[in-house]
Amino acid sequence: MELYNLKDNNMSLIIWLDRYDTGITEVDIQHRRLAGFINTLFDAISHKDKNSILNQTLTDLINYTIYHFKLEEDLMQKHHYNEYDAHKWEHKLFVEKINHYIEKIQINDNKSLLAIINYLKDWLLNHIMITDKKYVPAILPSMSK
Ligand code: FEO
């Protein structure tokens, strides 16, 4: 129910905090963009063009997510990151899950929409804070040389 209250307050779902940054500029720009798509989904729920915004934003989100994962995977490979396989696996499962949600999504069911959007938010922030932050020491020092 907390999410409904947030919606009533007209706030963004994700307010970006400095601690979400990895220090790798391109990665951080892309993470902010992903958060922006999730905020757009959240805002769309109360918009009169809800259906078209949701459909377009879900397509944008999946395409941009794949683009972002490729950048990270290339970086990890280039820097011989030893947890590359596990990280890539997490990416793969997330893409499968988004595709599953897109197939099942009920545009007119706000409760399930909010649950999906909340899942996307939690996944992104947890993944950044735990899994992405783990590769930073293996990549960032050699990027700044
Ligand atoms: Fe930024 Fe591993 O996704």
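Scope of this entry: the structure provided in the associated data block. (Residues numbered from 1 in each chain as written. Predicted model: local features only at pLDDT ≥ 70, side-chain atom pairs only at ≥ 80, totals over all residues. Heavy atoms only, no water.)

Section: the packing of helix H2 (residues 25-44) against helix H5 (residues 110-143)
Relative orientation of the contacting elements H2 and H5 amounts to 170°, with a least axis distance of 9 Å. Judged on the interaxial angle alone, H5 and H2 are roughly antiparallel. On H5, the residues touching Val27, His31, Leu34, Ala35, Ile38, Leu41 and Phe42 of H2 are Leu114, Ile117, Leu120, Lys121, Leu124, Ile128, Asp132 and Tyr135. Taken together, the residues of the contact of H2 with H5 sort by class into twelve nonpolar, one polar and two charged. (Axes fitted to C-alpha atoms, helices over the stretch in contact; angles between N-to-C directions. Helix = DSSP H or I, 4+ residues; strand = E, 2+ residues; numbered from the N terminus. Parallel < 35°, antiparallel > 145°, perpendicular 65-115°, else oblique. Contact = heavy atoms within 4.5 Å. Nonpolar A, V, L, I, M, F, W, Y, C, P; charged D, E, K, R; others polar.)

Examining the side chain of His91
Take His91: it is sitting in helix H4 (residues 84-104). By relative accessible area, His91 is classed as buried at 1%. With sequence-adjacent residues up to four places away left out, His91 is seen in contact with Phe69, Glu72, Glu73, Met76, His127 and Asp132. (Buried < 20%, exposed > 50% of the residue type's maximum accessible area, 1.4 Å probe, protein only.)

Describing the nonpolar core
Core analysis: the largest hydrophobic core is formed by 33 residues, its most contacted members being Ile14, Ile38, Leu41, Leu61, Ile117, Leu120 and Leu124. Mapped onto this core, the elements with two or more residues apiece are H2, helix H3 (50-78), H4 and H5. The dominant element in this core, judged by the number of residues it contributes, is H5, at nine residues. If we ignore the near neighbours within four places in the chain, the residues touching Leu120 are Ile38, Leu41, Leu61, Phe94 and Ile98. Core analysis: the next-biggest nonpolar cluster, separate from the first, contains ten residues, Val27, Met76, Tyr81 and Ile139 among them. (Core = buried A, V, L, I, M, F, W, Y, C linked by side-chain atoms within 4.5 Å.)

Let's talk about a nonpolar patch on the surface
A surface patch of nonpolar side chains, about 240 Å² in accessible area, is lined by Met11, Ile15 and Leu17. Tracing the backbone through its elements, the reader meets Leu17 in the loop between helix H1 (2-8) and H2. We classify Leu17 as partly exposed; its relative accessible area is 33%. (Patch = residues over 30% accessible without salt bridge, like charges linked within 9 Å, V, L, I, M, F, W, Y side chains within 5 Å. Areas by Shrake-Rupley, 256 points an atom, 1.4 Å probe, with all protein chains shown as cover. Salt bridge = Lys/Arg side-chain N within 4 Å of Asp/Glu carboxyl O.)

As for the packing of aromatic side chains
Considering all chains together, one arrives at nine aromatic pairs under this definition. Centre to centre, the rings of Phe94 and Tyr119 are 6.3 Å apart; their planes meet at 35°, and the pair counts as tilted. A residue pair is termed long-range when its members are at least 10 positions apart, and Phe94 in helix H4 and Tyr119 in helix H5 qualify at 25 residues. You can call Phe94 buried: its relative accessible area is 5%. By relative accessible area, which is 22% here, Tyr119 ends up partly exposed. Taken together, Phe69, Phe94, Tyr101, Tyr119 and Trp123 form an aromatic cluster joined through their ring pairs. Just above the ring of Tyr64 sits the side chain of Arg33; from NZ or CZ to the centre is 4.7 Å. (Phe/Tyr/Trp six-rings, centres within 6.5 Å; stacked < 30°, edge-to-face > 60°. Lys NZ or Arg CZ within 6 Å of the ring centre and 35° of its normal.)

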